[in-house]
Amino acid sequence: MIRFLRADEVEKLLPLSAQVNALHEQAHPEQYRGDASPEEVMGFFTQRLEEGAQVFVAETPDGAVTGFLLAVPVVRGASPFLHPARHVELDQICVDEVCRGQEIGKALIAALEAWMHENDFHEWKSMVHGFNTHSQNLMRGQGAEVLGLRYRKALG
């Protein structure tokens, strides 16, 4: 079952958030922290919810969370260079490592897209690191296209 996470339930995200963060910290320890306290992580998700984000959770019939998706609506006015835009930033998605291959990620994205349709959003975007082949495959499998390349150069 996919549903919205309530603000008083953010603690349920801690095990999966730790999984996704560990993957990122292993690849880029200079950028990603592994020392955040549970309170800091819960505060992060609580603040996003207060700012209008949605957290979709996949859970088993007994209430165990098997995946989540953090969706952040973005509404941007026009500038001299860009048209106004409304899209959703798919900021985080995680499927429990022991539950991969069960189409949970696909179901989370389908729930996101249904919510977007109801709320007049017509596009989602996500930034995925080159090392994260699971997310790359999921995004492509849901019809997402690569928009561009992001470059980085670390000095000394």
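It should be noted that the structure appears before, not after, this text.
Conventions used here
Residues numbered from 1 in each chain as written. Predicted model: local features only at pLDDT ≥ 70, side-chain atom pairs only at ≥ 80, totals over all residues. Heavy atoms only, no water. Pairing = 2+ DSSP bridges. Helix = DSSP H or I, 4+ residues; strand = E, 2+ residues; numbered from the N terminus. Right-handed = clockwise from strand over helix to strand, strands pointing away. Salt bridge = Lys/Arg side-chain N within 4 Å of Asp/Glu carboxyl O. Core = buried A, V, L, I, M, F, W, Y, C linked by side-chain atoms within 4.5 Å. Buried < 20%, exposed > 50% of the residue type's maximum accessible area, 1.4 Å probe, protein only. Contact = heavy atoms within 4.5 Å. Polar contact = N/O pair within 3.5 Å; in protein donor to acceptor, adjacent residues only side chain to side chain. Patch = residues over 30% accessible without salt bridge, like charges linked within 9 Å, V, L, I, M, F, W, Y side chains within 5 Å. Areas by Shrake-Rupley, 256 points an atom, 1.4 Å probe, with all protein chains shown as cover. Phe/Tyr/Trp six-rings, centres within 6.5 Å; stacked < 30°, edge-to-face > 60°.

1. Notes on the pairing of strand E3 (residues 65–76)
Note: strand E2 (residues 54–59) against E3, six bridges, orientation antiparallel. Across the sheet, Glu59 pairs through a bridge with Val65, a residue of E3. In sequence, E2 turns back onto E3 through a hairpin of five residues, with Gly63 there showing a positive phi of about 95 degrees.

2. Section: the pairing of strand E4 (residues 85–95)
Of the pairings in the sheet, the one linking E3 to E4 comprises 10 bridges and is antiparallel in character. Of the residues in E4, the one forming a bridge with Val72 is Glu89. Each parallel crossover has a hand, and the one from E4 via helix H3 (residues 104–118) to strand E5 (residues 124–125) is right-handed.

3. Focus: the pattern of salt bridges
Applying the stated criterion across every chain, the model contains eight salt bridges. Linking Glu9 and Arg6 is a salt bridge whose minimum nitrogen-to-oxygen distance equals 3.4 Å. The salt bridge involving Lys12 is made with Glu9; its shortest N-O contact spans 3.5 Å. It is possible to trace a salt-bridge network through shared partners that takes in Arg3, Arg6, Asp8, Glu9, Lys12 and Glu59.

4. A look at the nonpolar core
With 20 residues, the main nonpolar core has Phe56, Leu69, Val88, Leu90, Ile93, Leu112 and Trp124 as its most contacted residues. Taken together, the elements giving at least two residues each to this core come down to E2, E3, E4, H3 and helix H4 (133–141). With sequence-adjacent residues up to four places away left out, Ile93 is seen in contact with Val20, Phe68, Leu69, Gly105, Leu108, Ile109, Ser135, Leu138 and Met139.

5. Looking at the side chain of His129
Within the element layout of this structure, His129 appears in the loop between E5 and H4. Residue His129 is classed as buried on the basis of its relative accessible area, which comes to 14%. Among the polar contacts listed, one links the side chain of His129 to the side chain of Tyr32, at a separation of 2.7 Å. With near-sequence residues (within four places) excluded, His129 lies in contact with His24, His28, Gln31, Tyr32 and Gln136.

6. A closer look at the environment of Phe45
Mapped onto the fold, Phe45 is located in helix H2 (residues 38–50). Sequence spacing of Phe45 and Phe68 is 23 residues, and the spatial spacing of their C-alpha atoms is 12 Å. Contacts of Phe45, omitting those with residues within four sequence positions, involve Val10, Leu13, Ser17, Val55, Phe68, Leu70 and Gln92.

7. Examining a nonpolar patch on the surface
Nonpolar side chains collect at one region of the surface, where Val146, Leu149 and Tyr151 lie side by side and expose about 430 Å² of accessible area between them. Turning to its location among the elements, Val146 is positioned in the segment after H4. Under the relative-accessibility criterion, Val146 is labelled exposed at 64%.

8. Points about the packing of aromatic side chains
Counting across every chain of the model gives five aromatic pairs. Between Phe4 and Phe56 the ring centres are 5.0 Å apart and the planes differ by 45 degrees, which places this aromatic pair in the tilted class. One end of the pair, Phe4, is in strand E1 (residues 2–4); the other, Phe56, is in strand E2, and 52 residues separate them in sequence. By relative accessible area, Phe4 is classed as partly exposed at 39%. Given the relative accessible area of 3%, Phe56 is considered buried. Between Phe44 and Phe45 the ring centres are 5.1 Å apart and the planes differ by 85 degrees, which places this aromatic pair in the edge-to-face class. A relative accessible area of 1% places Phe45 in the buried class. Connected via pairs of aromatic rings, a cluster forms that spans Phe4, Phe56, Trp115 and Phe121.

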